[in-house]
Amino acid sequence: SSHDRVSATTLRGGLRPSRMSDCWCGVSGADDVLSTTFDIVKPAGAGTPQSPAEIVPISRVEAQMFSMTPLACASFPAIALRLPAADPALLKSSLAIALGRHRVMAGRLRGEVAELSDEGAPFTIAENSRPSAPTRLREADLLRLADFRRAPRVAAGLEPPMTVRLTRFRDGSAVLTFCRSHVVMDGSSAWAFLGDWARAARGEPLVAGRADGLEDGVPDREELEVLWEGRFGEPLSTHGAWLKMKALKSVFAVAAPLYDFCFLSGATGDLERPRLSLSDDDLAAIKAAATPSTPGSWVSTQEALAAYLVHTVGRACLPASSRGRVAITLILDPRKALGRRPEETFGSGLVFLTWKFEGLLQMSLRDVAGKLHDAAQSELSLKEAGRTWRIMNGCFRAGAELAMITKMIPRQTKHDLILVLNNQSKRELPDFGAASGGRADAVVTNAGPTVVLPVPSGGVDVLLDPSTVLRPARSARDRAEALAALRAAVPLGGRAGGC
């Protein structure tokens, strides 16, 4: 069959067959878990695994960027979905169909290649004693809802590239949590995979698939140097880069396991980002307030929201003497600029584009939004996203990844306020069919740094990254004041709260 039962045990405390420790923190504890069952779901039609397994290449940037980083850096991120109902058999059988289309997710990674070994994806079912699944999923609950695996072990083929955990409650509602290695699936790819899984559950044909020929658009060293100098106005230098990267990887090898242990115990606070909930009316009010008064002027909702966040937090937290040095970084999808289909899946499909300016405290909200809109036509444009993707992948191929990281990620010491915005508000929550009660009605993820998520009833949830956009709020009191300012500036119902 496409999914094989490995074990079926009734255990107090929700133990599961994983090398990760069980961290059931948040609103409920281990005693809420009545039992767990653990299956391996294999691709539909998979037979006896062949030896040697078929091999597919992984691009260098995919293989290196997220193969050594800790869980807090979204190396194995989770997306948790609240389902009004859940049919485990249907979810497993439809997952098997989706894995048949995305075989890399059922295989194992080996450095810069993936083995299509059809070993399958772990699928854990936890029966919870609570009456119903929470209507609002908290980020901190991912410690008990997700099956995290450490990136280095995944990269070495010791752990699978994806896991699923289904937590069922007494009234039949459930939380379905999908975790995957960022090496093989970026955020856009993860949502495309969930869409395929949902289509399979509804009996519809699948549309997504692993991208081929990723290396075709990667520049050689000569072209890379031209692109680099055109972008940064200086020659590309890799002097001493190999030794520096080796030292950096050594640090990660020692520090990442320790940080992962703290992450999974809830001690790091990485899953406790403050949440700002905004209704559709709130967003409309922000956009209206941010739109320049010049006739014919306009800004997008994303531009208005980004401007609103930095303008409000800056005025609440920065001292009057501050130079107001700001960096706004947008995480963008360059697939269209690269001539790729939007549903193609791969791990290196997102890029960071940054716009910098000074004098925040002397600018109005409309000033910030208007200038950000202008930047969206140049340094934050889709064309620039495609060029940045080529530079990023070229740097990894040429051994210049350290130069790329240094240039493309804003330094905290050079800016008074940084916003790194990951806007997922346009993602369509999957509908696994009538047996699962229709469309998912709540979502949370530990992707970041500051992430915007859709709310099915309307509006968005903004999970604010304390280390960037809230960094000027150096104390709990300052953070409370910043959150209060964000709420007070939106009189139509914005709510600022905890995780």
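So, here is what we can say about the structure in this document.

### Description of the overall build of the protein chain
Stage number 1. If you tally the helices and strands in the protein chain, you get 13 helices and 19 strands.
Stage number 2. For the protein chain, the spread of C-alpha atoms along the principal axes amounts to about 65 × 55 × 45 Å.
Stage number 3. Taken over 499 residues, the protein chain has a buried fraction of 55%.
Stage number 4. Counting only contacts in the protein chain whose residues sit at least 6 apart along the sequence, the fraction spanning at least 24 positions is 78%.
Stage number 5. Within the structure as shown, the protein chain displays about 20200 Å² of accessible surface, and the carbon and sulfur contribution to it stands at 54%.
Stage number 6. With 60 positive and 54 negative side-chain charges, the protein chain shows a spacing of 3 Å between the two charge centroids.

### Points about the sheet that holds strand β6 (residues 113-116)
Stage number 1. Strand order in this open sheet of three strands is β3-β6-β5, and the pairing throughout is antiparallel. One side of each edge strand has no neighbouring strand; the edge strands of this open sheet are β3 (54-57) and β5 (108-110). Geometrically, the sheet is characterised by an average inter-axis angle of 30 degrees between neighbouring strands, direction not taken into account.
Stage number 2. Pairing analysis gives four bridges linking β3 to β6, with the strands arranged antiparallel. Looking at the pairing, Ile-55 lines up with Glu-115 of β6.

### Quick look at the pattern of salt bridges
Stage number 1. All chains considered together, the criterion is met by 31 salt bridges.
Stage number 2. Between Arg-150 and Asp-260 there is a salt bridge whose closest N-O contact spans 2.7 Å. In this pair, Arg-150 sits in the loop between α3 (142-145) and α4 (151-155) while Asp-260 sits in helix α7 (residues 241-264), placing the two residues 110 residues apart along the sequence.
Stage number 3. According to the relative accessible area criterion, Arg-150 is buried, its value standing at 17%.
Stage number 4. Of the residues examined, Asp-260 reaches a relative accessible area of 1% and is grouped as buried.
Stage number 5. Here Glu-159 ties to Arg-153 by a salt bridge, and the two come within 3.3 Å at their closest N and O atoms.
Stage number 6. Through salt bridges with shared partners, one network takes in Asp-147, Arg-149, Arg-153 and Glu-159.

### Side note on the packing of helix α8 (residues 280-290) against helix α10 (residues 365-375)
Stage number 1. One way to put it is that α8 packs onto α10 with a least axis distance of 8 Å and a crossing angle of 90 degrees. Accordingly, the angle class assigned to the pair α8 and α10 is roughly perpendicular. Taking contact as the criterion, the partners of Ala-288, Ala-289 and Ala-290 in α8 are, on α10, Leu-365, Arg-366 and Ala-369.
Stage number 2. Broken down by class, the residue content of the contact of α8 with α10 amounts to five nonpolar, no polar and one charged.

### A short note on helix α6 (residues 221-232)
Stage number 1. Here α6 spans 16 Å end to end across twelve residues, near enough to the 16 Å set by a 1.5 Å rise per residue.
Stage number 2. Of the residues making up α6, those classed as buried are Leu-224, Leu-227, Trp-228 and Phe-232. One face of α6 carries all of its buried residues, which in axial projection span an arc of 105 degrees. Across α6 from its buried face, at more than 90 degrees, point the exposed residues Glu-222, Val-226 and Gly-230.

### Considerations on the environment of His-182
Stage number 1. Along the polypeptide, His-182 turns up in the loop between β9 (174-180) and α5 (187-201).
Stage number 2. According to the relative accessible area criterion, His-182 is buried, its value standing at 11%.
Stage number 3. Sequence-wise, His-182 and His-415 are 233 residues apart; in three dimensions their C-alpha atoms are separated by 28 Å.
Stage number 4. Those residues in contact with His-182 that sit more than four places away from it in its chain are Phe-66, Ala-74, Ser-75, Pro-77 and Gly-347.

### Focus: the side chain of Asp-39
Stage number 1. You can see Asp-39 is positioned in strand β2 (residues 33-41).
Stage number 2. Overall, Asp-39 belongs to the buried group, its relative accessible area being 2%.
Stage number 3. Of note is the side chain of Asp-39, whose polar atom sits 2.3 Å from the side chain of Lys-92.

### Here's the deal with the environment of Gly-240
Stage number 1. Take Gly-240: it is sitting in the loop between α6 and α7.
Stage number 2. Gly-240 gets classed as partly exposed once you look at its relative accessible area, which sits at 34%.
Stage number 3. Taking the C-alpha atoms as reference, Gly-240 lies 36 Å from Asn-423; in sequence the two are 183 residues apart.

### Observations regarding unusual backbone geometry
Stage number 1. Geometrically, the link from Gly-448 to Pro-449 is a cis peptide bond, its omega value of 5 degrees lying close to zero.
Stage number 2. With respect to the element layout, Pro-449 can be found in the loop between β16 (442-445) and β17 (450-454).
Stage number 3. The backbone of Asp-118 sits at a positive phi, close to 55 degrees, despite the residue not being glycine.
Stage number 4. Inspection of the secondary structure assignment puts Asp-118 in the loop between β6 and β7 (121-128).
Stage number 5. The buried category is assigned to Asp-118, whose relative accessible area is 12%.

### A few points about the packing of helix α11 (residues 382-397) against helix α12 (residues 401-408)
Stage number 1. Two elements in contact, α11 and α12, have axes whose closest approach is 7 Å; the angle formed by their N-to-C orientations is 145 degrees. Taken together, the residues of α12 that come into contact with α11 (itself represented by Thr-388, Ile-391, Met-392, Cys-395 and Phe-396) are Glu-401, Met-404 and Met-408.
Stage number 2. When the residues that make up the contact of α11 with α12 are grouped by side-chain class, the tally is six nonpolar, one polar and one charged.

### Quick notes on the nonpolar core
Stage number 1. Counting residues in hydrophobic clusters, the biggest one holds 67 residues, and the most contacted among them are Leu-278, Tyr-308, Leu-309, Ile-328, Val-462 and Leu-464.
Stage number 2. Not counting the four nearest positions on each side in its chain, Tyr-308 is found in contact with Leu-276, Ile-286, Leu-365, Ala-485, Leu-486, Arg-487, Ala-489 and Val-490.
Stage number 3. In terms of nonpolar packing, the next biggest core, distinct from the first, is built from 65 residues, Phe-66, Met-162, Leu-176 and Val-184 among them.

How each quantity is defined
Residues numbered from 1 in each chain as written. Predicted model: local features only at pLDDT ≥ 70, side-chain atom pairs only at ≥ 80, totals over all residues. Heavy atoms only, no water. Helix = DSSP H or I, 4+ residues; strand = E, 2+ residues; numbered from the N terminus. Buried < 20%, exposed > 50% of the residue type's maximum accessible area, 1.4 Å probe, protein only. Contact = heavy atoms within 4.5 Å. Areas by Shrake-Rupley, 256 points an atom, 1.4 Å probe, with all protein chains shown as cover. Lys, Arg positive; Asp, Glu negative; His and termini not counted. Charge placed at Lys NZ, Arg CZ, Asp CG, Glu CD. Pairing = 2+ DSSP bridges. Axes fitted to C-alpha atoms, helices over the stretch in contact; angles between N-to-C directions. Salt bridge = Lys/Arg side-chain N within 4 Å of Asp/Glu carboxyl O. Parallel < 35°, antiparallel > 145°, perpendicular 65-115°, else oblique. Nonpolar A, V, L, I, M, F, W, Y, C, P; charged D, E, K, R; others polar. Expected span 1.5 Å × (residues − 1). Arc of directions from axis to C-beta. Polar contact = N/O pair within 3.5 Å; in protein donor to acceptor, adjacent residues only side chain to side chain. Core = buried A, V, L, I, M, F, W, Y, C linked by side-chain atoms within 4.5 Å.

By themselves, these figures tell us nothing about what the structure is for.
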